[in-house]
Amino acid sequence: MLSRSCCICRFSAGDVVMIQPQNCPEDVQQFCQLLRLDPDKCFLLKPTEPGTALPAHLLQPCTIRHLVTHYLDISCVPRRSFFELLSHFSTNELEREKLQEFSSAQGQEELYSYCNRPRRTTLEALWDFPHTTSAIPPEYLLDLIPRIRPRAFSIASSMLAHPGRIQILMAVVRYKTRLSKPRCGLCSTWLASLNPEQGDVRVPLWVKKGGMKFPADPDTPVIMIGPGTGVAPFRAAIQERVAQGQKGNCLFFGCRQKSKDFYCQAEWEELVTKGFLMLFTAFSRDQEEKVYVQHRIRENGQLLWELLNGQSAHIYLAG
């Protein structure tokens, strides 16, 4: 669970926080070495044609290091257009032929095997074409590599319980493919690397209204189904409703193992003890026969029907 203290606008349960991640210093250094760029060199962006909009939120003047760190998404899986543009810069015949194959209609199956299936990053693809990479004109970087897009997280806390703070529930993305280096999520890995004890930490973020609206009347019972990190918006809703003294909260939570993935366990159990929460759990790997949230829903069908039909409960699903 990550918590951020800041001056923010008001938000409600179901709202979303957008976080703008950045590339790690090691990847930025590798990128600059590959392209033979001085990371500390300053430049000024100018439109090549009148009326062309410049990238928003990019410093002017800007250093190469800032551009690569905060703007160029060198960790994304490159698309067909990336290889097509790259082929025009290639002075190496073998590399140019391969790039042209990847950008052709006939080469899409091989491109999928090379890029999409193993989740190869743009930086890794540039490593595989060193002669071409070193010949990329810097003025084409913004055409070649897309910008880093913000990531959306459901807010997992209520302002009534935690004034002036935003909390999110985040799983650090890390998995293996046939490539030797594990695949890592850009935003989750960056956030996990931050350490406020070593100095001030700046996380660019802003709040957006979410699509999940909870009942305005706190007396309306709420049934929430949130496996894994999908429970995040329901934590915010439950905190908000508990702060208002409402006890009609029913949560179905599921994960693989109780000992490893039971997010907010102590908090849920305390609310159950105090009578604010009905909690039903499913830990799919803790027994020989897999048990999922849908099994718990089926087992408690009568209770759910009474809440829905008799008390006009609202039901929500996330995750």
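Scroll up to find the structure.
Basis of the calculations
- Residues numbered from 1 in each chain as written.
- Predicted model: local features only at pLDDT ≥ 70, side-chain atom pairs only at ≥ 80, totals over all residues.
- Heavy atoms only, no water.
- Helix = DSSP H or I, 4+ residues; strand = E, 2+ residues; numbered from the N terminus.
- Buried < 20%, exposed > 50% of the residue type's maximum accessible area, 1.4 Å probe, protein only.
- 1 Å grid on protein atoms, 1.4 Å probe; cavity = no way out; pocket = protein on both sides within 12 Å on 5 of 7 lines; lining within 4 Å.
- Points joined across faces, edges and corners; volume = space filled by probe spheres on them.
- Nonpolar A, V, L, I, M, F, W, Y, C, P; charged D, E, K, R; others polar.
- Contact = heavy atoms within 4.5 Å.
- Pairing = 2+ DSSP bridges.
- Axes fitted to C-alpha atoms, helices over the stretch in contact; angles between N-to-C directions.
- Phe/Tyr/Trp six-rings, centres within 6.5 Å; stacked < 30°, edge-to-face > 60°.
- Arc of directions from axis to C-beta.
- Lys, Arg positive; Asp, Glu negative; His and termini not counted.
- Salt bridge = Lys/Arg side-chain N within 4 Å of Asp/Glu carboxyl O.

On to unusual backbone geometry. Along the chain, glutamine 60 connects to proline 61 via a cis peptide bond; the corresponding omega equals -5 degrees. Within the secondary structure, proline 61 sits in the loop between strand S3 (42-43) and strand S4 (62-63). A positive phi angle, close to 55 degrees, is found at arginine 36, a residue other than glycine. Assignment of secondary structure puts arginine 36 in the loop between helix H1 (25-34) and S3. With relative accessibility at 68%, the residue arginine 36 sits in the exposed group. Located in the positive-phi region is cysteine 264, a residue other than glycine, with phi close to 60 degrees. Structurally, cysteine 264 is set in the loop between helix H11 (258-261) and helix H12 (265-273). Owing to a relative accessible area of 19%, cysteine 264 belongs among the buried residues under this scheme.

It is worth spelling out the layout of surface pockets at this point. By volume, the second largest pocket amounts to about 600 Å³. Considering the residues around the second largest pocket, the lining is formed by 22 residues, among which Leu45, Lys46, Pro138, Glu139 and Leu142 are closest to the centre. Considering only residue class, the lining of the second largest pocket consists of 15 nonpolar, two polar and five charged.

Attention shifts here to the environment of tyrosine 71. Looking at the secondary structure, you find tyrosine 71 in the loop between helix H2 (64-70) and helix H3 (80-89). For tyrosine 71, a relative accessible area of 15% puts it in the buried group. Placed 177 residues apart in sequence, tyrosine 71 and glycine 248 show a C-alpha to C-alpha distance of 45 Å. When residues no more than four places from it in sequence are discounted, the contact partners of tyrosine 71 are Pro55, Ala56, Leu58, His66, Leu142, Pro146, Arg147 and Ile148.

Turning next to the sheet that holds strand S2 (residues 16-19). Strand order in this open sheet of three strands is S5-S2-S9, and the pairing throughout is antiparallel. Looking at the sheet topology across the chains shown, the edges are occupied by strand S5 (151-154) and strand S9 (205-208). Shown here is a sheet whose adjacent strand axes are inclined to one another by a mean of 30 degrees, direction ignored. Inspection of the sheet shows S2 paired to S5 by four bridges, in the antiparallel sense. Each bridged residue has a counterpart across the sheet, and for isoleucine 19 the counterpart in S5 is arginine 151.

Counted under the stated rule, the structure contains 11 aromatic pairs. Taken together, the aromatic side chains of Phe82, Phe83, Phe102 and Tyr114 make up a single cluster linked through ring pairs.

Note: strands within a sheet are paired through backbone hydrogen bonds, in either parallel or antiparallel orientation. With respect to topology, four strands assemble into an open sheet ordered S12-S11-S10-S13, the strand pairing being parallel. At either end of the open sheet lies a strand with only one pairing partner, and these are strand S12 (278-283) and strand S13 (314-317). Recorded for the sheet is a direction-independent mean angle of 10 degrees between the axes of neighbouring strands. Pairing between strand S10 (residues 222-225) and S13: four bridges, direction parallel.

For the α-helix, the turn length of 3.6 residues means that residues three or four positions removed from each other point alike. Inspection of H1 places Asp27, Val28, Phe31, Cys32 and Leu34 among the buried residues, and these make up the whole buried set. One side of H1 holds all its buried residues, which, seen down the axis, span an arc of 160 degrees. Those residues of H1 that are exposed and angled more than 90 degrees off the buried face are Pro25, Glu26 and Gln33. Those residues of H1 that are buried are in contact with H2, helix H6 (122-128), helix H7 (130-133) and helix H8 (141-144). Looking one or two places after H1, you find arginine 36, whose phi comes out positive at around 55 degrees.

Attention shifts here to the side chain of glutamate 95. Relative to the helices and strands, glutamate 95 is located in helix H4 (residues 93-102). At 8.7 Å, arginine 96 is the nearest oppositely charged side chain to glutamate 95, a buried residue that forms no salt bridge.

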